[in-house]
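As a plain string of letters, each chain reads:
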Protein chains: 4
Amino acid sequence: MLHFDSDYMEGAHPAIIERLAQTNFDQTPGYGTDPVCESARARICYACQTPDAAVHFLVGGTQANAAVIDQLLNPWEGVIAADTGHINGHEAGAVEACGHKILQIPHRNGKLDAQDVRAFCQAWAEGESREHVVAPGVVYISQATEYGTLYTLGELQALRAVCDEFDMRLFIDGARLGYALAALEGQLTLPQLAEVADAFYIGGTKVGALFGEAVVFTKPELAGHFFTLMKKHGALLAKGRMLGLQFDVLFEDAEERDGNPAARADASQRNADVSQHGADTAGSPLVEAARTRYLACGRHAVKLARKLAEGFEGAGYELAIDSPTNQQFVAIDDRTCERLREHATFEVWERRADGKLVVRFVTSWATRPEAVDELLALL
Amino acid sequence: MLHFDSDYMEGAHPAIIERLAQTNFDQTPGYGTDPVCESARARICYACQTPDAAVHFLVGGTQANAAVIDQLLNPWEGVIAADTGHINGHEAGAVEACGHKILQIPHRNGKLDAQDVRAFCQAWAEGESREHVVAPGVVYISQATEYGTLYTLGELQALRAVCDEFDMRLFIDGARLGYALAALEGQLTLPQLAEVADAFYIGGTKVGALFGEAVVFTKPELAGHFFTLMKKHGALLAKGRMLGLQFDVLFEDAEERDGNPAARADASQRNADVSQHGADTAGSPLVEAARTRYLACGRHAVKLARKLAEGFEGAGYELAIDSPTNQQFVAIDDRTCERLREHATFEVWERRADGKLVVRFVTSWATRPEAVDELLALL
Amino acid sequence: MLHFDSDYMEGAHPAIIERLAQTNFDQTPGYGTDPVCESARARICYACQTPDAAVHFLVGGTQANAAVIDQLLNPWEGVIAADTGHINGHEAGAVEACGHKILQIPHRNGKLDAQDVRAFCQAWAEGESREHVVAPGVVYISQATEYGTLYTLGELQALRAVCDEFDMRLFIDGARLGYALAALEGQLTLPQLAEVADAFYIGGTKVGALFGEAVVFTKPELAGHFFTLMKKHGALLAKGRMLGLQFDVLFEDAEERDGNPAARADASQRNADVSQHGADTAGSPLVEAARTRYLACGRHAVKLARKLAEGFEGAGYELAIDSPTNQQFVAIDDRTCERLREHATFEVWERRADGKLVVRFVTSWATRPEAVDELLALL
Amino acid sequence: MLHFDSDYMEGAHPAIIERLAQTNFDQTPGYGTDPVCESARARICYACQTPDAAVHFLVGGTQANAAVIDQLLNPWEGVIAADTGHINGHEAGAVEACGHKILQIPHRNGKLDAQDVRAFCQAWAEGESREHVVAPGVVYISQATEYGTLYTLGELQALRAVCDEFDMRLFIDGARLGYALAALEGQLTLPQLAEVADAFYIGGTKVGALFGEAVVFTKPELAGHFFTLMKKHGALLAKGRMLGLQFDVLFEDAEERDGNPAARADASQRNADVSQHGADTAGSPLVEAARTRYLACGRHAVKLARKLAEGFEGAGYELAIDSPTNQQFVAIDDRTCERLREHATFEVWERRADGKLVVRFVTSWATRPEAVDELLALL
């Protein structure tokens, strides 16, 4: 049986398992205050070119979303999201559980359009009963989105501008950020994404880790007391080292992996350079960030997803959504669905008005190329 | 440097790391719906002699406490706890974050006394303004307590009786349950504990796992929709298999480990027998539960903790709390504290009225016997 | 200056002020436990033909909505509402403040369509990730709606059927119930409305009272501990008698007012009759309910609103929404708006796609007929 | 039957009822944005000598407490209160319902001792796990307390100093402030109380109003968006004028009442003077504040309470608490209790260790002097 249900079916990148085994009996203090987490933070700050960012590690996406949004909102504010946003439709009310309203705006291909957000905020600002309703305080988007679609740099900057206009913070859910960055290589870098966001997270659970999301507050003044808030949310891992370890491995770069640790030198030292000389969002750091295991994981899945998409198209199938990432949506009829289900697992996304089923095939950092070949051979 | 800060400084039992590595590329569905979790659930149900219990795996103690209490309380009810209870003093308001009040009762050696609970409930029930105040709905205790002390079977039964009298549920925080069971061997078994509780959890984080707490609702009707509530709390792990795997390893029994898997046969089958013939809370299952890795982990730490305690006493030091578990509290003067700190890490618990410092030494499933010897040699 | 901004600009029905003055120095216990509240409850139960209903008095609509929804929902459930529902757009997140999600469905003329609700619930029930999302637990509607539109008896019954099908409770926000009942006289009675709802409230604030909403749980078993929950919500009035007094006055019937108190006899006695012989939803009680001051208040406003609407139409203006109640929505151009504003206050509702402004004129139980004449004379 | 149960058994000061009747058909905008509320705010600001304070009117004490504390706390903070504080024991968990923890400190005669608060905060600030626990953010006290006791000016200043030391805000629950000010005349003025507090409220419900508490944020920057938060709490009264009207009447001064409205001139103008020349916390404003109906209400009750206390003492009874305010606590035996109950209603507070019952007699602004005489005649 072939499995394309999701990108969290396997364990972790073997280098993570190896490091876990090697360091198993090390003794470190808890809650992410250990040197391994420090090292991972330094690597992440450098990869983002945000030397002063506050980086916190959480176990999963829903808790990261709820805790960060709780941190960024005032009690009279709510969070704007696409109606298809993960926090709105797939997290069992975790944001509302903290007492915050989600202000829904209809999506466009899974994305929030900056003009729609501006119109929403303007209507609020000019409304006669403005003080009687929830004020927009945070804009939440996912990169990649729940539909596998992507925000371009220009689209992100347009959202940033609306946020500045209405004094809102921009938070990017990066549960699948690795796949987004891989799909947008040459068009959007991690430092560029970090520059537009007030906070975002680098998803590990779906991109090479056993679990874990690295939340980056690019403006550390927005992260005050987030440690305590994580605890309040039940989102502070006792053996925090396990989270740091995974991101430390995922953000090692290629030369280091090739046995030349000096090549990377010390990330902390490099961050100091960035602090002094400013971020280099177009130059060498990008090249290096691109050499991390994290991006390598992303590339692997995206490459196989595209092969899979081309295979379906080549066999005469229609792609229901134009997704450049590791999620592919194909329109098929019921009989095909049944036939494929005998050999493969995948998710039925929805039934379209024309009666066809939209089904989703997901590749991951761990997908075997042969599995894609075997699937395509079934068509 | 020797480390006695806490019982979550190391990784996991080597058998867990080994199993992680072996099964890393297995593909399973998410959120604990996989066969590995099923197997772990069956083993736990059998070890507890509660074949029909609902077992859920969560990542950490604070989230387990908050989610279970939220599940068990009605909106007009609160949870009774000792003022020293972990939910009251060490979880950053996680219970209140769900809108629930903690009804504090002064502790006795870290424990709730059944008579004190009865008096509290009676005062509430007879109060003129009974409808104006939070009704007691759940009693929360920790076994072992935050002071390393233990409830005897009789004390647990007395609390159970008060709960029945006032229509409350009894919830036991078992973050250190492995150490409690080891310390109480011959006096309290897991099935006996399960019998008095409406819900409890078997702590993995501090007893052999990388992370993870197995919540057991002994009355499954109290666990309705807990899966959704876990998600709402951000407490549902995507790669749920990682939790199941750890408890599956920890609840393997000795014969199985000795290479005779048939010896344990299938836990599900055994549970069926229990369902049919009733639990055997005094017989063979206990023996077998006692043969699990989980209890072995507990025994190791307790044995070393006692050695440590005897060493301190032998050297003329005073034990500040009479703790039979893996936490030992010693009263020392400032100079001794300073001197020991040069060679060992440990927590300063409080300063006593007589000016002495109470410091805490914690052993774990992973503590090296030599480390205890080296510490005692410093006295 | 003429005022048509809202239906809460004036004080209260003079009979209420009179009773307040007469009974000002009476001494009664607090929190609604007094005989005046008892009398009001009996009158309301009789008017609804629900002798066993649990009736609670709250001060305002937002707190009534939040408290009742909090009472009716389980923690894993949410409340279905039209996107235009008052709880969704005009209450500053009061429902979310209790940790509950609002499940929005696009409105049809301000109303929820039973088929839309069924489709929503079916999609949820059949969804692959059903357990990962908020379960629908309550359906919230307003009668009259925020658009001044009305549910027919048939539409209410259709919603009731969907609620039964999916095990949901039906809650009706009756902030403007008096105007709805007046507009639907001959088509929908209070007992009929009570029969379809699990809970609803009879709005006083906008219909003759200084303040106050009478929440009716037609199934008292759903109201368990609501008194305590009211307190938790800060919604329990210390001098509860002031609420009971107002509803007691509003639900006096005509004969009683005409100086024949025996005509009404004792509402409690009549409730006992209903308990024994069943509700008479088509017969005399309706007549009597129709003779209350509450309905008289409603009729007054509806009559004037219709006159106002006819006046606008007669003068060639377009009614933007077909509203049979005390809110009238007229489409006008900017110049007319400016001109009218010199003589009258009213709310600008929205700007239509065709550039016209939709403005709202609201009449109340206290509107002077001359004021309507003067407004129409301006056209 | 005589009634000494509480201070909220009667209606309102007759001048309020009169004004209600006179202005009943006035039309004003809602939610406290009307001129009547403006006038009341100006009077209150002047009486407090805080010309720039933000004043909001809420209906009741529990909602005022919860909303203000929610406003003043950050999400990682909690509120310090005496264990006997009203928010802790008598409000059904309303503060916790907003997700905030109450940090309890044992009371001393119903009061918080500044040294106790300092010790608590110091322990927190120096604690090893400081970031794992709720940070103290607000100190809550009641003046008068739940035991009828009072804070002196010196005690309030000591608490203020602790708040400044640990960056906390001081919030005073003034449900019975009128009685406190009356009892402390010559020792503590309203401007002095306003000077030490960040926020407090002037209780109307128990001191002459039908309902209503005037929340005063002496530092208006702490009140940002409180209007919206009130709505979120369901604490925004639609016909806000009814609240303003009551406080406008209660804060009229004696000359104005004597038919010389010019004597008071315009409170707004006077506030402007204060803004320019500074508050005069020792001079004439105090005299004038002392001439308000609010203080007159307070004086009436306190005078009768003292007469009542003296009567009990004179008859050989023991006062269980030394209360200078309108609540008197007397220790009596069961037989006396039973005997008095035949003629009077009052609350049984608690049974003392010596077997005696402590019962509470409460006077109010509306208590008839004859009622006290009749009660004393029973002794």
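Please refer to the structure higher up on the page.
This one's a predicted model, so the numbers in the text were calculated from it and none came from an experiment.

Undergrad: Before we move on, could you go through the overall build of chain A and cite the residues and values that matter?
TA: Of regular secondary structure, chain A possesses 17 helices and 13 strands. Principal-axis analysis of the C-alpha atoms gives chain A an extent of 65 × 60 × 40 Å. Looking at the 379 residues of chain A, the share that counts as buried comes to 64%. Residue pairs at least 24 apart in sequence account for 75% of intrachain contacts in chain A once pairs closer than 6 positions are excluded. A total of about 12900 Å² of accessible surface is found on chain A, and carbon and sulfur atoms cover 48% of it. Taken as two groups, the 34 positive and 53 negative side-chain charges of chain A have centres that lie 3 Å from each other.

Undergrad: How would you summarise the packing of helix H5 (residues 114-126) of chain C against helix H6 (residues 153-165) of chain C if you had to cite specific residues and measurements?
TA: Residues and elements named next belong to chain C. Where H5 contacts H6, the axes come no closer than 9 Å and their chain directions differ by 15 degrees. With respect to each other, H5 and H6 are oriented roughly parallel. Handedness of the H5/H6 crossing: right-handed. Touching Ala114, Val117, Arg118 and Gln122 of H5 are Ala158, Leu159, Val162 and Glu165, all from H6. Across the contact of H5 with H6, the residue classes tally to 5 nonpolar, 1 polar and 2 charged.

Undergrad: Lay out the relation of the copies chain A and chain B in plain terms, naming residues and giving numbers.
TA: With an RMSD of 0.0 Å, the operation that places chain A on chain B is a rotation of 180 degrees combined with a shift of 0.0 Å along the axis. The two molecules are tied by a two-fold rotation axis, judged by turn and shift. A symmetric contact is evident, with 100% of the interface residues of chain A recurring at the interface of chain B.

Undergrad: Can you explain the relation of the copies chain C and chain D? Please cite residues and give values.
TA: Mapping chain C onto chain D calls for a screw motion: a turn of 180 degrees about the axis and a shift of 0.0 Å along it, with 0.0 Å RMSD after fitting. Most of the interface of chain C is mirrored in chain D: 100% of its interface residues are interface residues there too.

Undergrad: Go over the interface of chain C and chain D, please, and point to the residues and values.
TA: Taken together, the contact between chain C and chain D spans 43 residues of the former and 43 residues of the latter. For the pair chain C and chain D, the two sides together bury roughly 3700 Å², of which 62% comes from carbon and sulfur. Its largest share of buried area at the contact with chain D, chain C owes to Tyr8, Gln27 and Lys239 of chain C, together 18% of the area lost on that side. The interface formed by chain C and chain D includes 0 salt bridges. Linking chain C to chain D there are 24 residue pairs in polar contact (both at pLDDT 80 or more). Where the side of chain C that touches chain D is concerned, the elements lending two or more residues are helix H1 (14-22), helix H3 (61-72), helix H9 (226-232) and helix H10 (241-250) of chain C. A per-element tally of the side of chain C that touches chain D places H1 of chain C first, with 4 residues. Among the residues making up the side of chain C that touches chain D, the classes are represented as 22 nonpolar, 14 polar and 7 charged.

Undergrad: Could you give an account of the pattern of salt bridges, with specific residues and numbers?
TA: Opposite charge on two side chains permits pairing when their charged atoms draw close. Residues and elements named next belong to chain B. One pass over the structure, following the stated rule, counts 86 salt bridges over all chains. Residue Glu252 is joined to Arg19 by a salt bridge in which the shortest nitrogen-to-oxygen separation is 3.3 Å. Remark: Arg19 occurs in helix H1 (residues 14-22) and Glu252 occurs in the loop between helix H10 (241-250) and helix H11 (254-257); sequence separation between them is 233 residues. As far as the burial class goes, Glu252 and Arg19 line up, both buried.

Calculation rules
Residues numbered from 1 in each chain as written. Chains lettered and ligands numbered in written order. Predicted model: local features only at pLDDT ≥ 70, side-chain atom pairs only at ≥ 80, totals over all residues. Heavy atoms only, no water. Helix = DSSP H or I, 4+ residues; strand = E, 2+ residues; numbered from the N terminus. Buried < 20%, exposed > 50% of the residue type's maximum accessible area, 1.4 Å probe, protein only. Contact = heavy atoms within 4.5 Å. Areas by Shrake-Rupley, 256 points an atom, 1.4 Å probe, with all protein chains shown as cover. Lys, Arg positive; Asp, Glu negative; His and termini not counted. Charge placed at Lys NZ, Arg CZ, Asp CG, Glu CD. Axes fitted to C-alpha atoms, helices over the stretch in contact; angles between N-to-C directions. Parallel < 35°, antiparallel > 145°, perpendicular 65-115°, else oblique. Left-handed = near helix turned anticlockwise from the far one by under 90°. Nonpolar A, V, L, I, M, F, W, Y, C, P; charged D, E, K, R; others polar. Least-squares fit on C-alpha atoms with pLDDT ≥ 70 in both. Buried area = accessible area lost by both parts, 1.4 Å probe. Salt bridge = Lys/Arg side-chain N within 4 Å of Asp/Glu carboxyl O. Polar contact = N/O pair within 3.5 Å; in protein donor to acceptor, adjacent residues only side chain to side chain.

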